[in-house]
Amino acid sequence: MNDWNNEILLLKEFNNILEREKIIDLNYPTWTFVWLPYWCKIVDLNMNFLNKLFDKYGYEKYIFPFLVSSKEFDNINKKINNFEKNIYKVNNSLILRPSGESAIYPMLRRRVKSYTDLPIRVFQIWIMFRNWTSRWFLRPNENDVFIEAHSAFESKNDAENEIKKINSLVEEYFKRLWIPTLKTIRPPRTNKPVAEKEYAFDALLPTWETALLNVTYLQMQIFSKAFSILFSKKDKTKDYTYQTEFGFSQRAILTSIRLLSKKNNVFLLPNHAPIQIVIIQINLDNKKISNYTKKIFDKLIKNKFRVKIDQEWKNLYKRFSKHENKWIPLRIEIGEKELLNSSIKIVRHDNKETHLYNYKDTINWVSLMLKKIETYSYKQNNNSLKEKIIIIKDINEIAKVIKIGKIAKIHLCYNKNCVEKTQETVKIWEIIGFEEKESKLKHSCINCGKTTWYIAFYARRV
Ligand SMILES: [Zn+2]
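What counts, and where the lines are drawn
Residues numbered from 1 in each chain as written. Predicted model: local features only at pLDDT ≥ 70, side-chain atom pairs only at ≥ 80, totals over all residues. Core = buried A, V, L, I, M, F, W, Y, C linked by C-beta atoms within 7 Å. Buried ≥ 20, exposed ≤ 12 C-beta atoms within 10 Å, placed from the backbone. Helix = DSSP H or I, 4+ residues; strand = E, 2+ residues; numbered from the N terminus. Contact = placed C-beta atoms within 7 Å. Expected span 1.5 Å × (residues − 1). Arc of directions from axis to C-beta. Pairing = 2+ DSSP bridges. Axes fitted to C-alpha atoms, helices over the stretch in contact; angles between N-to-C directions. Right-handed = clockwise from strand over helix to strand, strands pointing away. Parallel < 35°, antiparallel > 145°, perpendicular 65-115°, else oblique. Nonpolar A, V, L, I, M, F, W, Y, C, P; charged D, E, K, R; others polar. Domains from an automatic or database assignment.

Trainee: In this structure, what is going on with the nonpolar core? I would like to understand it.
Mentor: General note: in soluble globular proteins, nonpolar side chains tend to be found buried as a group. By size, the foremost hydrophobic cluster in this structure holds 99 residues, and its most contacted members are Ile 277, Ala 408, Ala 456 and Tyr 458. Looking at which element gives the most residues to this core, the answer is helix H5 (residues 156-176), with 6 residues. Residues contacting Ala 408, with those up to four places away along its chain left out, are Ile 390, Ile 392, Ile 398, Val 401, Ile 402, Phe 457 and Tyr 458.

Trainee: In this structure, what is going on with H5? I would like to understand it.
Mentor: Residue pairs spaced three or four apart in an α-helix point in one direction, given the helix's 3.6 residues per turn. For H5, built from 21 residues, the straight-helix expectation of 30 Å at 1.5 Å per residue is met to within 8% by its first-to-last C-alpha distance of 31 Å. Those residues of H5 that sit buried are Ala 159, Glu 162, Ile 166, Leu 169, Val 170, Tyr 173 and Phe 174. Buried residues in H5, looked at end-on, bunch into an arc of 125°, giving them a common side. What points out from H5, more than 90 degrees from its buried face, is the exposed set Asn 157, Lys 164 and Ser 168.

Trainee: Explain the pairing of strand S19 (residues 354-358) to me, please; I cannot follow it from the model alone.
Mentor: A regular strand places its side chains on the two faces of the sheet in alternate fashion. Summarising the sheet, strand S18 (residues 343-348) and S19 pair through 5 bridges and their orientation is antiparallel. Across the sheet, residue Ser 343 finds its bridge partner in S19, namely Asn 358. Taken together, S18 and the strand that follows it, S19, pair antiparallel across an intervening segment of 5 residues, in which Lys 352 is found at a positive phi of about 65°.

Trainee: Sorry if this is basic, but what is going on with the sheet that holds strand S15 (residues 277-281) here?
Mentor: Backbone-to-backbone hydrogen bonds pair the strands of a sheet. The strands run either parallel or antiparallel. Sheet architecture is open: 5 strands sit in the order S16-S15-S17-S18-S19, paired in mixed fashion. Edge strands, defined here as strands with exactly one partner in the open sheet, are strand S16 (307-310) and S19. Between one strand and the next, the sheet's axes are offset by a mean angle of 25°, whatever the strand orientation. Taken strand by strand, helix H8 (residues 287-302) contacts S15, S16, strand S17 (330-334) and S18, and its axis lies near 170° from that of S15. Running over the sheet, helix H11 (residues 362-388) touches S15, S17, S18 and S19 and is turned about 5° from S18.

Trainee: Whenever I open this one, the pairing of S15 confuses me. Can you help?
Mentor: Where burial is concerned, most of S15 is hidden: 5 out of the 5 residues are buried. With burial as the criterion, each face of S15 is covered, one bearing Ile 277, Ile 279 and Gln 281 and the other bearing Val 278 and Ile 280. Strand direction decides the pairing type here: S15 and S16, joined by 4 bridges, are parallel. Opposite Ile 280, over in S16, you have Asp 310 as the bridge partner. Between the parallel elements S15 and S16, the chain passes through H8 in a crossover that is right-handed.

Trainee: Any chance you could explain the packing of helix H3 (residues 70-77) against helix H4 (residues 101-111) here in plain terms?
Mentor: Each pair of packed helices can be summarised by the angle the axes make with each other and by the distance between the axes. Contact pair H3 / H4: the axes reach a minimum separation of 9 Å and the direction vectors enclose 105°. On the basis of the axis angle, H3 is roughly perpendicular to H4. Residue-level contacts link Glu 72, Phe 73, Asn 75 and Ile 76 of H3 to Glu 101, Ser 102 and Pro 106 of H4. Classifying every residue of the contact of H3 with H4 gives 3 nonpolar, 2 polar and 2 charged.

Trainee: Quick question: what am I supposed to make of the domain arrangement of the protein here?
Mentor: Reports often express the size of an interface as the amount of accessible area lost when the parts come together. Domain annotation of the protein identifies domain 1 (4-259), domain 2 (277-369) and domain 3 (389-459). Taken over C-alpha atoms, the centre of domain 2 sits 51 Å from the centre of domain 3.

Trainee: Can you walk me through the environment of Ile 334 in this structure?
Mentor: Structurally, the position occupied by Ile 334 is in strand S17. Looking at Ile 334, the number of C-beta atoms within 10 Å reads 26, which means it is buried. Separated by 302 residues in the primary sequence, Ile 334 and Thr 32 place their C-alpha atoms 43 Å from one another. Residues within four places of Ile 334 in sequence aside, it is in contact with Ile 279, Gln 281, Ile 282, Ile 289, Tyr 292, Thr 293, Ile 296 and Ile 344.

Trainee: Help me out: how do you make sense of the sheet that holds strand S5 (residues 88-89) in this one?
Mentor: Spatial ordering of the open sheet is given by S4-S6-S5, a layout of 3 strands whose pairing is antiparallel. Two strands close off the open sheet at either side, each with one partner strand: strand S4 (67-69) and S5. With 2 bridges joining them, S5 and strand S6 (residues 94-96) adopt antiparallel strand pairing. Note on S6: the bridge partner recorded for Lys 89 is Ile 95. Together, S4 and S6 form the strand contacts of H3, whose direction differs from that of S4 by roughly 75°.

Here it is in structure tokens:
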């Protein structure tokens, strides 16, 4: 059963751990906070990966201005209800960018004149300014680096094909973070649509919520028309570009960490850990053991592992717990026994499994252990995601199922009316989206009873 008190505790606990481990300083004079050096190292590792990933898919990095013209912002403001309520005005003609479009699309308008200028794929790693106060983990704000990508094409078909590539990119990224996700198509919008099709990737958090980690928009010409991004086609006629957009925030890395959190036991996945392995020398006054420890350290460094030696004169238990708090995935212990047998003792942080290996196989075993930690976490998370999804046939059961921490899977028509009517019954819980592939069998819509091929998910979204 879901326990709300426990849930609140978990979120608080997670915040406390981040503060205790000097990841974040929440005591900043304003409602916001400071990211500390250890977190910045984690983010750098993540950004290195993202830069390579974007490069692989043909996206090029740009740096767009923080200040954008209010006139350009109006082009997007007209498309989104109440957007202007959340912006920071600098003066009558300038605002701090609240999203990418008003900074990026004026450049596209100027640079895309002909079909030969297309396709264009841009991304930026940036900060966005939204005038809202929120729990930092739940909603990106100006303390959160945002990664946003836009692309423009000469045909509808090209933009549709790009969406498939983007979904692969997104899947690759979440696989890297070992976050199992639920991929859906967002429901038809009730008012101003910002895209012809929207894809969403949700993760299921340990607090029985789902977290929206990515949205991909098949904008088509909605914004190219709003921003007048017009080009000449091969046949000399003019057309507006066909566009896509998608992005991630730091919420994804935090989700990855949080999925691994168990009370006070938090650790980082090896590929995000600024320190992957700590070598603890047990008998500090033994010169031979010191040399042996150093030899192992050098070997690991040479093979590009991120390693640290601990040779502090402190209680051994305190040393162990200190490194566990630093979320180091693997520990190597070196003492008299290891020196005598030319061996290394490896302890996994995640499940405390301990192994004794031969010195000469150090690299193989360390690589294998780090890999096992990642796949083990993914398997566990993935199983828990699958277990959470329950097929519901009665509209009144949806809210009940969500209350106990599950995701309701229902048959529902893909239209505004059936989504809205279901929403009225479900009340505060939210539709996550529709399954991408239509069901193989026809079913009755949970709302209108008519035959439908579509499947939708409802859950409690952060
Ligand atoms: Zn229906």
